[in-house]
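The lines below spell out each chain.
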Amino acid sequence: MGAASSECSASLIAMGQPALAEKQIDVALQANANDYHALNLLGVVLDMQGRHAEAQANYRRGLELAPDDPGLHSNYGLSLAITGQPQAAIAQLVPVASSRRSTPRIRQNLANLLGYAVKVTESGELALTVTAARGAISCGLAFEVRDPGIGFDDETKPRLFSRFAQAAGSIT
């Protein structure tokens, strides 16, 4: 997907125009069906339209092409969470959040999912284990999660992962 096409699609997504973005992305995928960036963006617009099964199929296809792409893992994980699969979502995010390629947003998504898991665990055990992971060149954190959570209903899904906004842009 060319830079201009990608920026146009991202702008349409940000403006809440997923159907128009989908058309733009479809053109890019016709030119290159193996464009994992386009597959990721298509997953996002399909999720925005409530077409989660289709979105997840695109994320999986993108991950076949780019198994280490943190954005694909993050968006796939959030899509799984939206469809009531928080354990699968956490499983997608934990390895990425522990990697060198992690971003603050991915770690925030994982923290949100873990917080949700704590809230909905009425019985059983919820375990989070964090250990130092040292490699030859770098070190980081490794996360392991066990969650017997109850999931959530369809009415709750749209509100769970709505975009966060701050009153003042200078506050971090």
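Above this text you will find the structure in question.
Here, residues in each chain are numbered from 1, in the same order as that chain's written sequence. Where totals are concerned, whole chains, interfaces and linings use all residues; where local detail is concerned, this predicted model gives features only for residues with pLDDT of at least 70, and gives and counts side-chain atom pairs only at 80 or more. Only hydrogens and water are set aside; all other atoms, that is, all heavy atoms of the structure, feed into the side-chain values.

**Considering the overall build of the protein**
Convention followed: Helix numbering and strand numbering both begin at the N terminus, where a helix is a DSSP run of H or I of at least 4 residues and a strand a DSSP run of E of at least 2. When accessible area is computed with a 1.4 Å probe and restricted to protein chains, residues below 20% of their type maximum are described as buried, those above 50% as exposed, and intermediate ones as partly exposed. The contact criterion used throughout is that any non-hydrogen atoms of two residues lie within 4.5 Å.
Counting its secondary structure elements, the protein contains eight helices and two strands. Of all 172 residues assigned to the protein, the portion counted as buried reaches 38%. A sequence separation of at least 24 residues applies to 48% of the contacts in the protein between residues at least 6 apart.

**With respect to helix H5 (residues 70-82)**
The test is simple: Given the number of residues in a helix, its expected span is that number minus one, multiplied by 1.5 Å.
Over its 13 residues, H5 extends 18 Å from the first C-alpha to the last, a length consistent with the 18 Å expected when each residue adds 1.5 Å. When you tally the buried positions in H5, you get eleven out of 13 residues, the bulk of the element. For H5, every residue scored as buried is listed here: Pro70, Leu72, His73, Ser74, Tyr76, Gly77, Leu78, Ser79, Leu80, Ala81 and Ile82. Residue glycine 84 follows H5 closely and has a positive phi angle near 80 degrees.

**Some thoughts on helix H6 (residues 86-97)**
For H6, spanning twelve residues, the distance from its first C-alpha to its last is 16 Å, which sits close to the expected 16 Å at 1.5 Å a residue. Those residues of H6 lying buried are Pro86, Ala89, Ile90, Gln92, Leu93, Val94, Val96 and Ala97.

**Brief notes about the packing of aromatic side chains**
To describe a pair of aromatic rings, you give the distance between the ring centres and the angle between the ring planes. What counts here: Only rings of Phe, Tyr and Trp enter the pairing, Trp through its six-membered ring, and a pair is recorded when the two centres are within 6.5 Å. The plane angle decides the type: under 30 degrees is stacked, over 60 is edge-to-face, the rest tilted.
Evaluation of the coordinates by the stated rule reveals one aromatic pair. Ring geometry for tyrosine 59 versus tyrosine 76: centroids 6.2 Å apart, planes at 45 degrees, classification tilted. Residue tyrosine 59 is located in helix H4 (residues 52-65), and its partner tyrosine 76 is located in helix H5; the two are separated by 17 residues in the primary sequence. Overall, the relative accessible area of 1% leaves tyrosine 59 in the buried class. Residue tyrosine 76 is classed as buried on the basis of its relative accessible area, which comes to 10%.

**A word on the pattern of salt bridges**
Filter applied, for reference: Each reported salt bridge corresponds to a side-chain nitrogen of Lys or Arg within 4 Å of a carboxyl oxygen of Asp or Glu.
As enumerated under the stated definition, the model contains three salt bridges in all. Arginine 51 is the partner of glutamate 22 in a salt bridge, and the nearest nitrogen-oxygen pair spans 3.1 Å. With glutamate 22 in helix H2 (residues 18-31) and arginine 51 in the loop between helix H3 (36-48) and H4, the pair connects residues that are 29 residues apart, well separated along the chain. Using a relative accessible area of 27% as the deciding quantity, one classes arginine 51 as partly exposed. In this structure, arginine 61 engages glutamate 64 in a salt bridge whose closest nitrogen and oxygen atoms are separated by 3.6 Å. Residue arginine 61 and its partner glutamate 64 are located together in helix H4, separated by three residues, close to a single helical turn. According to the relative accessible area criterion, arginine 61 is partly exposed, its value standing at 31%. Residues joined by salt bridges that share partners form a network here, namely Glu22, Arg51 and Glu54.

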